[in-house]
Amino acid sequence: MNIDTLYRESISTRYGVTERKKQELDRLTQEVLNAQGTVEEYEAIVNSLTQKLDKLNAELATAKTNKDQSLSNKDAVDTVVDNAKNLLHNSEIVVNETSKANGDIRETAEQANSLINKLIYAAEIVNKLANLVIRKKATNPLISDELISLVTQAQTDANNAVALTLVALESVFASQATTSESVAAVELENEQIDKLYKLLTEGDVALEKPDNASINSASTTDLKNTSIKSYLYEAYTIASAMYDEVLTAANDTSSQLNSAKASLSNSQVKLASLESGLAAANAAALAS
């Protein structure tokens with residue numbers, strides 16, 4: 001039954017009831033109106049919190065995707081760094097072995113075969129590293145064009161080193177000068193791999209070696225690590241923090257929504273009870 005109708009009916013019968021009953025009806029009517037206002041207030045709160053939670057859940061899904069991708073990038077750069085480190089180590093071995101071979105033609109003949117195998121292995125790793133970085137470039141804009149250029153150059157240098165050393169092997173007994181060329185080639189390869197590794201782990205600072213005065217005048221802690229590894233680690237840290245922040249907000253909002261729903265349910269029960277009481281009081285007043 002509509003409250004206004006009940007109220008008008010209670011007014012129309014005011015002359016048939018006592019003043020005490022009229023005051024009771026007025027009191028019950030006011031309580032019903034107050035209860036209706038409380039219900040409407042909680043309904044508005046529940047609707048607002050529901051919309052907020054839906055938005056936060058959408059943001060949480062996006063944050064989760066970003067966090068997962070950042071973790072994938074972080075793991076990938078770890079793999080690239082490990083491969084570059086192994087490549088650099090193998091390249092240094094090649095340089096040392098080739099330098100020793102240059103002092104003795106006979107030893108050069110014996111060591112040349114080992115050198116070729118190691119160079120081929122190094123070239124394969126360079127090719128794999130280059131392909132990996134190029135693939136990651138397509139999905140990760142943080143990887144710079146400079147890195148792509150460096151890995152491509154390293155790939156070319158490694159392949160050239162293999163070719164040069166094969167030529168050196170064929171003519172090792174004819175001229176020690178050929179062996180010297182192979183030394184220069186592997187040293188060039190080692191230099192390129194060293195630059196690549198430092199770009200991955202140290203960034204621009206590794207490519208710009210300061211003089212002694214600069215080193216003495218500036219603390220190494222003041223030098224920002226601009227490496228790809230550092231950027232991807234930082235991106236993962238930021239993505240994780242953003243995910244945790246949105247998750248906390250979503251959990252808080254969910255708790256508030258559950259509390260508001262409980263309050264709404266209680267207020268609706270109270271309103272129904274007051275409406276029943278008012279209807280009964282009006283019925284009794286009309287019957288008197």
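Residues numbered from 1 in each chain as written. Predicted model: local features only at pLDDT ≥ 70, side-chain atom pairs only at ≥ 80, totals over all residues. Heavy atoms only, no water.

**Topic: the overall build of the protein**
- Helix and strand content of the protein: 8 helices and 0 strands.
- Residues counted as buried form 35% of the 288 residues belonging to the protein.
- When contacts within the protein are restricted to residue pairs at least 6 apart in sequence, those whose partners lie at least 24 apart make up 83%.
- Of the accessible surface of the protein, which amounts to about 16600 Å², a share of 52% is contributed by carbon and sulfur atoms. (Helix = DSSP H or I, 4+ residues; strand = E, 2+ residues; numbered from the N terminus. Buried < 20%, exposed > 50% of the residue type's maximum accessible area, 1.4 Å probe, protein only. Contact = heavy atoms within 4.5 Å. Areas by Shrake-Rupley, 256 points an atom, 1.4 Å probe, with all protein chains shown as cover.)

**Some points on the packing of aromatic side chains**
- Counted by the stated rule, this structure contains 0 aromatic pairs.
- Seen from the ring of Tyr-233, Lys-74 lies directly overhead, with NZ or CZ sitting 4.7 Å from the centre.
- Positioned above the aromatic ring of Tyr-236, the side-chain terminus of Lys-74 is 5.8 Å from the ring centre. (Phe/Tyr/Trp six-rings, centres within 6.5 Å; stacked < 30°, edge-to-face > 60°. Lys NZ or Arg CZ within 6 Å of the ring centre and 35° of its normal.)

**Here we look at the pattern of salt bridges**
- Inspection of every chain in the model, using the stated rule, returns 5 salt bridges.
- The salt bridge involving Lys-64 is made with Asp-68; its shortest N-O contact spans 2.8 Å. Taken together, the residues span about one helical turn, with Lys-64 and Asp-68 both in helix α2 (residues 19–102) at a distance of 4 residues.
- Its relative accessible area of 36% is what places Lys-64 among the partly exposed residues.
- Salt-bridge contacts for Glu-191 lead to Lys-195; the nearest nitrogen and oxygen are separated by 3.7 Å. Residue Glu-191 and its partner Lys-195 are located together in helix α5 (residues 176–201), separated by 4 residues, close to a single helical turn. (Salt bridge = Lys/Arg side-chain N within 4 Å of Asp/Glu carboxyl O.)

**A short note on the side chain of Asn-90**
- The topology assignment puts Asn-90 in helix α2.
- Look at Asn-90 and you get buried, because its relative accessible area is 17%.
- For Asn-90, the residues in contact, after removing those within four places along its chain, are Tyr-121 and Ile-125.

**Here's the deal with the side chain of Ser-70**
- With respect to the helices and strands, Ser-70 occurs in helix α2.
- Among the polar contacts listed, one links the side chain of Ser-70 to the backbone oxygen of Asn-66, at a separation of 2.8 Å.
- With near-sequence residues (within four places) excluded, Ser-70 lies in contact with Ala-235, Tyr-236 and Ala-239. (Polar contact = N/O pair within 3.5 Å; in protein donor to acceptor, adjacent residues only side chain to side chain.)

**Observations regarding the nonpolar core**
- In this structure, Val-133, Leu-147 and Leu-200 are the most contacted members of the largest nonpolar core, which totals 34 residues.
- Looking at this core element by element, the count peaks at 9 residues for helix α3 (residues 105–139).
- When near neighbours in sequence (up to four residues on either side) are disregarded, Leu-147 contacts Val-133, Leu-196, Leu-199, Leu-200 and Ile-228.
- Of all hydrophobic cores here, the second largest spans 17 residues; its members include Val-32, Val-39, Val-46 and Leu-278. (Core = buried A, V, L, I, M, F, W, Y, C linked by side-chain atoms within 4.5 Å.)

**Notes on the confidence of the model for the protein**
- Mean pLDDT for the protein: 78, with 74% of residues reaching 70 or above.
- Within the protein, no element has a lower average pLDDT than helix α7 (residues 212–217), which sits at 45, and none a higher one than helix α8 (residues 228–287), at 90.
- Counting contacts from residues 13–17, a segment whose pLDDT is below 50, to residues more than four positions away or on other chains yields 7 contacts.
- Across residues 206–221, where pLDDT falls below 50, the model places 6 contacts with residues more than four positions away in sequence or in other chains. (pLDDT = per-residue confidence, 0-100.)

**Some points on the environment of Leu-49**
- Note on placement: Leu-49 falls in helix α2.
- Taking the C-alpha atoms as reference, Leu-49 lies 6.7 Å from Thr-253; in sequence the two are 204 residues apart.
- Residues in contact with Leu-49, not counting those within four places in the same chain, are Thr-253, Gln-256, Leu-257 and Ala-260.

**Some words on the environment of Asn-83**
- Position of Asn-83 relative to the elements: it lies in helix α2.
- Placed 43 residues apart in sequence, Asn-83 and Val-126 show a C-alpha to C-alpha distance of 8.7 Å.

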